[in-house]
Amino acid sequence: MDRHDGFREFVLARQQALMRTAYLLTGDAHLAEDLLQSVLVKVVGQWARLSRDGNPEAYTRKALVNQYISWRRRPRPELPSAEVPERGTSCDEAALDRIVLRQALARLGPRQRAVIVLRFWEDLTEAQTAEVLGCSIGNVKSQTHHALARLRTIAPELAHLLNDPQIAEVTR
């Protein structure tokens, strides 16, 4: 029996969901690909143990968050551009909301951004989020509360999304 049995099937089955998480964390498709690839290299090295007695998906999600936070700690120089990015001429309200939300998420700290992504896009419970982040449920609640408050400050135009009754229930 090969020590990597099942890894290929795992990646094929979960690649889209893991890529979505990586994209939501990084906000950039290319960085998300790099993040996922670097994490999968680590996961394949642990595959025999994970497939035997672990939860490979939970381990992989936790590795994504940890690697993302690690990358954010490293200083990266900004690359100036001589040209201003071109603005689209027409978009619907939902597309505009996604753009504003993505920009607002980029302004959150890595842990707050991770909490928002895991809780609201990945639809993890507080306990699952705490497990992925390696912290207490109380810390997840606190980070969620502070992250949502910051999002409301950063992007007041998203109030119609952030004042949803389900979100209000989460922050209590």
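Before reading further, recall that the structure is shown in the block above.
About the thresholds
- Residues numbered from 1 in each chain as written.
- Predicted model: local features only at pLDDT ≥ 70, side-chain atom pairs only at ≥ 80, totals over all residues.
- Heavy atoms only, no water.
- Helix = DSSP H or I, 4+ residues; strand = E, 2+ residues; numbered from the N terminus.
- Buried < 20%, exposed > 50% of the residue type's maximum accessible area, 1.4 Å probe, protein only.
- Contact = heavy atoms within 4.5 Å.
- Core = buried A, V, L, I, M, F, W, Y, C linked by side-chain atoms within 4.5 Å.
- Axes fitted to C-alpha atoms, helices over the stretch in contact; angles between N-to-C directions.
- Parallel < 35°, antiparallel > 145°, perpendicular 65-115°, else oblique.
- Nonpolar A, V, L, I, M, F, W, Y, C, P; charged D, E, K, R; others polar.
- Salt bridge = Lys/Arg side-chain N within 4 Å of Asp/Glu carboxyl O.

(A) Molecular detail of the overall build of the protein. When you go through the protein residue by residue, the secondary structure sums to 9 helices and 0 strands. When its helices and strands are written in sequence order, the protein yields α-α-α-α-α-α-α-α-α. Looking at the 172 residues of the protein, the share that counts as buried comes to 35%. Contacts in the protein between residues at least 24 apart in sequence constitute 66% of all its contacts with a sequence separation of at least 6.

(B) Focus on the nonpolar core. Grouped together as the largest cluster of nonpolar side chains are 30 residues, with contacts concentrated most on Leu 35, Leu 64 and Val 65. The set of elements that each furnish at least two residues to this core consists of α1 (7-26), α2 (29-53), α3 (56-73), α5 (110-121) and α6 (126-133). Tallying contributions element by element places α2 first for this core, with 8 residues. Once you skip the residues sitting within four places of it in the chain, Leu 64 turns out to touch Leu 18, Thr 21, Ala 22, Leu 25, Leu 35, Leu 36 and Val 39. Counting residues in each nonpolar core, the second largest holds 12 residues, with Ala 104, Leu 105, Leu 151 and Ile 154 among its members.

(C) Layout of the packing of α5 against helix α7 (residues 137-154). Between α5 and α7, the least distance of the axes is 9 Å, while the angle of their chain directions is 100°. The angle between α5 and α7 places the two elements in the roughly perpendicular class. On the side of α5, the interface is formed by Arg 111, Gln 112, Val 115, Ile 116, Arg 119 and Phe 120, while α7 contributes Val 140, Gln 143, Thr 144, His 146, Ala 147, Leu 148, Arg 150 and Leu 151. Residue composition of the contact of α5 with α7, grouped by class: 7 nonpolar, 4 polar and 3 charged.

(D) Inspection of the pattern of salt bridges at higher detail. Applying the stated criterion across every chain, the model contains 4 salt bridges. With its nearest N and O atoms 3.3 Å apart, the salt bridge here joins Arg 20 to Glu 122. Of this pair, Arg 20 sits in helix α1 while Glu 122 is found in the loop between α5 and α6, placing the two residues 102 residues apart along the sequence. Overall, the relative accessible area of 41% leaves Arg 20 in the partly exposed class. Glu 122 gets classed as buried once you look at its relative accessible area, which sits at 10%.

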